[in-house]
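Tertiary structure, described
Read off the chains here:
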Amino acid sequence: MARNFFTVMRSSAPSSTAARPSTSSTATAPPPPNMKEAAAAGVGVHLDPSLEAVRHDLTEDIEMALELRDVSVFYGTFQAVDKISLPIPKNRVTALIGPSGCGKSTLLRCLNRMNDLIPGARVEGDIRFENRNLIDPTVDAVEVRRRIGMVFQKPNPFPKSIYENVAFGARINGYSGDMDRLVEDALRRAALWDEVKDELDKSGLALSGGQQQRLCIARAIAVQPEIILMDEPASALDPVATLKIEDLMRELAEHYTIVVVTHNMQQAGRVSDYTAFLLAGEERVGRLVEFGPTQEIFTNPLDQRTEDYITGRYG
Amino acid sequence: MSAAAPSAQLTAYAPRVRARRSISVGFMVIALLAITVSILMLGALIVEIAVDGAARLFTDGGAVSVEARDGSIVSDLPTPEGMGWLRWVLPIAILLPFVGPRLVHSIMADVPRITERVMGLAVVAPVAVFLHILYVRFESAYFIEYAKAVDIDGATGNIFPLFGEASGFQIVRLVIMGIGLPLALLLMGWFWSHRMRKPSLLIPAILIGAWIVYLFMDPWFLSSYPSRSPSGAGIFSAVTGTFYMMTITAAIAFPLGVGAAVYLEEYARRNWFSRMIQVNISNLAGVPSIIYGLLGLQVFVRVLEFERSVLAGACTMALLVMPIIIVSAQEALRTVPPSMREAAYAVGATRWQVVRHHVLPYAFGGMLTGNILAMSRAIGETAPLIAIGALTFIAFLADSPTDDFTVMPIQIYNWVARPQAGFHEIAASAIIVLMVILLLMNAAAIIMRQRTRTDW
């Protein structure tokens, strides 16, 4: 079932010179946009909305945690994301990459209904999660957010003790077990326990930036979610703290499905199993360009724009 | 820069470092001595109180009641003349210890920090304790003498019965005198030598200010009811009426105002309706207070039949300050960053849980600050209370919210309007009292804002 969903679209043999494979819906392939020239001239690239995104074969037979079908996001009258279809493989790290303003974070925030909180935001399409559409208004957004946790770009611990930071989610969700053990377990998994075990009463704000971010990850883990969304979790951190977060993401991927938005190409290459490349045209509507195993996206991209982006020639 | 230069500097500095250390040891010895003395004096004070009985602390500068031998209470004795000199001397004496640490500091420019702190305490503590003992001894001795002088047969030391009239005020005074003053002096010395953090200085400064005002003033003025003669008139009923009304006003306006602010900020959708409410709240904040008075007169006094009671006044005042409370509470809620709400939502909190566990606690300090500022506006309002008919001559304390009452601005207004010069003078005194209360409230608001500020 999962494999059916993203049938391989490519019809011609991949080559580095081919701009994009022709699809059945278009009789003649559009002229390949010249990225270098466009970028040099300072004009945005026009994306043809009728074109389908390129999808690679999955190298493994794997269950899907989420499946996005034609997901579009609107802020009022402005369309931020246009008809993105994307699978999120279970217990893997999936990276969303692309230049600023291409709708990566917007898309990520759809996955746990965080866009509900923004007045005027509207999501269309289908996000399959255990055979239900997450976007459906009848689905309880609070329950969705408990099962799909989130870590934000800027570390945002509560101005409470470290213990309370971690325990909060479990407490409000009616956790009745041993709270001390849960807190310890979450902090251990977030690789923070050894640093803070003697000062759990200290304010979460007193920690360093990297520690704060790991505290936020512990907080997300403590409610025992199935999926963790990370919105550029290391962009506000120094290289050492970044490395720790990346190691942590690899470890967490054994138990959780992780979707991470990142600007950092090397980071995507290091931590992710699958990568989706998004791009916005000059009308600033984000579209999916290419999705596949990270290895393939980085070594053998099918779309010229993906290649230009990951080689640093564009974006 | 040559390699020799740093070492040359080091040798140049070495003797000074040593010298400083020896000064520090000297200071420590003095400081320890001073602290020992002050502890001994404090102990002596405690023993004295225990031996002489706590009643001595309740002696009062003006409102003298003396228990005669037959057990009857002779009260309302006239205030004696000529014994008030200590009231003038004491404030000057109090100022000295604050200059002290500063002087020491300016002489010994490089005193190490710890020594500086200890010195501050060491200078202030014994002086504070000594002054306190002096004052208590003076008052109690003075009143025993006085009771003999006015020829009350067999006057006892129990000059002011603990549970007699106006004892609540006496207890407040005991707190200011017995605990507040030494504490204030200690704190002030501590903070002063502690690199002078200005907001922290406020608390002791306010306590001392209140104490000085109290010393300069005839305490009888605070504890007496209005009278036909200016010399006998006081603002006891006005002060208690003010506090009574303010308490009820806050109890009504704060929950409603905070609730409205939470609704508008956290729950209401941004549409024409919420915008209309918002605009109207801002408008209401600018409505003249007399209009609220007329509204209160019709709604609370007449329709709801509260009469001219504390409750009617408090309800009117609550309406008056509600817009201020709502707007300031909204401001406080807006200072909580959206990332905190997102963080809470992201672990599966409902909207109410986000508000209850995060937004409200983080914004509460700001809300309280706004509430105090709103109260300090209400405390000076006269017009709406005159409109609802609060009285000006109240010779009793309100027992229940449905009793008649008066407040300080009305009392002042009444006195100023009288032709006799004596009333104008006591009106000025009452204005000072009102001003001190206002300053206290505003200072409390500032302190609270400082204390509850979170650096996100």
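Up top you'll find the structure we're talking about.
Residues numbered from 1 in each chain as written. Chains lettered and ligands numbered in written order. Predicted model: local features only at pLDDT ≥ 70, side-chain atom pairs only at ≥ 80, totals over all residues. Heavy atoms only, no water.

1. Details of the overall build of chain A
- A count of helices and strands for chain A gives twelve helices and eleven strands.
- Relative to its 315 residues, chain A shows a buried fraction of 55%.
- Just so you have it, chain A exposes about 13500 Å², and 48% of that area is on carbon and sulfur atoms. (Helix = DSSP H or I, 4+ residues; strand = E, 2+ residues; numbered from the N terminus. Buried < 20%, exposed > 50% of the residue type's maximum accessible area, 1.4 Å probe, protein only. Areas by Shrake-Rupley, 256 points an atom, 1.4 Å probe, with all protein chains shown as cover.)

2. Considering the overall build of chain B
- On a plain count of helices and strands, chain B comes out with 15 helices and two strands.
- Among the 456 residues that make up chain B, the fraction classed as buried is 44%.
- Accessible surface, chain B: about 22700 Å² in total, of which carbon and sulfur atoms supply 68%.

3. Quick look at the interface of chain A and chain B
- Contacts between the two partners involve 22 residues from chain A, matched on the other side by 18 residues from chain B.
- With both sides pooled, the region where chain A packs onto chain B buries about 1700 Å², and carbon together with sulfur makes up 69% of that total.
- If you look at where chain A meets chain B, you find one salt bridge.
- One salt bridge in this structure joins Glu 342 of chain B and Arg 109 of chain A, with 2.9 Å as the shortest N-O distance. (Contact = heavy atoms within 4.5 Å. Buried area = accessible area lost by both parts, 1.4 Å probe. Salt bridge = Lys/Arg side-chain N within 4 Å of Asp/Glu carboxyl O.)

4. Considering the pairing of strand S10 (residues 274–280) of chain A
All names here are of chain A.
- With respect to burial, S10 is a largely interior element, seven of its seven residues being buried.
- Of the two faces of S10, the one lined by Tyr 274, Ala 276, Leu 278 and Ala 280 and the one lined by Thr 275, Phe 277 and Leu 279 are each fully buried.
- As defined by bridge partners, strand S4 (residues 93–97) adjoins S10 across four bridges and the pair is classed as parallel. Bridge pairing links Ile 97 to Phe 277 in S10.
- Sheet topology places S10 next to strand S11 (residues 286–293); seven bridges connect them, and they run antiparallel. Residue pairing in the sheet places Phe 277 in a bridge with Glu 290 of S11.
- Connecting the antiparallel pair S10 and S11 is a turn made up of five residues, with Arg 284 showing a positive phi of about 60°. (Pairing = 2+ DSSP bridges.)

5. A word on the nonpolar core
- Leu 66, Leu 68, Leu 86, Leu 107 and Ile 127 of chain A together with Met 245 and Leu 385 of chain B are the most contacted members of the largest nonpolar core, which has 112 residues in total.
- Examining the composition of this core, we find that 14 residues originate from one element, helix H10 (residues 310–334) of chain B, more than from any other. (Core = buried A, V, L, I, M, F, W, Y, C linked by side-chain atoms within 4.5 Å.)

6. Thoughts on helix H11 (residues 338–346) of chain B
Residues and elements named next belong to chain B.
- The element H11 is extensively covered by neighbouring structure, given that seven of its nine residues are classed as buried.
- When we look at burial in H11, the residues that qualify are Met 340, Arg 341, Glu 342, Ala 343, Ala 344, Tyr 345 and Ala 346.
- Note on H11: the residue one or two positions beyond its end, Gly 348, has a positive phi of about 90°.

7. Comments concerning the packing of helix H7 (residues 236–267) of chain B against H10 of chain B
Residue and element names in this part refer to chain B.
- Contact geometry for H7 and H10: axes closest at 6 Å, N-to-C directions at 35°. Handedness of the H7/H10 crossing: right-handed.
- Residue classes in the contact of H7 with H10 are distributed as 24 nonpolar, four polar and three charged. (Axes fitted to C-alpha atoms, helices over the stretch in contact; angles between N-to-C directions. Left-handed = near helix turned anticlockwise from the far one by under 90°. Nonpolar A, V, L, I, M, F, W, Y, C, P; charged D, E, K, R; others polar.)

8. A short note on the packing of helix H8 (residues 209–222) of chain A against helix H9 (residues 239–252) of chain A
Residue and element names in this part refer to chain A.
- At their nearest, the axes of H8 and H9 sit 9 Å apart, and the two run at 20° to each other. Considered as vectors, H8 and H9 are oriented roughly parallel to each other. The two elements H8 and H9 meet at a crossing, and its hand is right-handed. Across from Gly 210, Gln 213, Arg 214, Ile 217 and Ile 221 in H8, the residues of H9 making contact are Ala 241, Lys 244, Ile 245, Leu 248 and Leu 252.
- Broken down by class, the residue content of the contact of H8 with H9 amounts to six nonpolar, two polar and two charged. (Parallel < 35°, antiparallel > 145°, perpendicular 65-115°, else oblique.)

So far we have only geometry, and geometry alone does not tell us how the molecule works.
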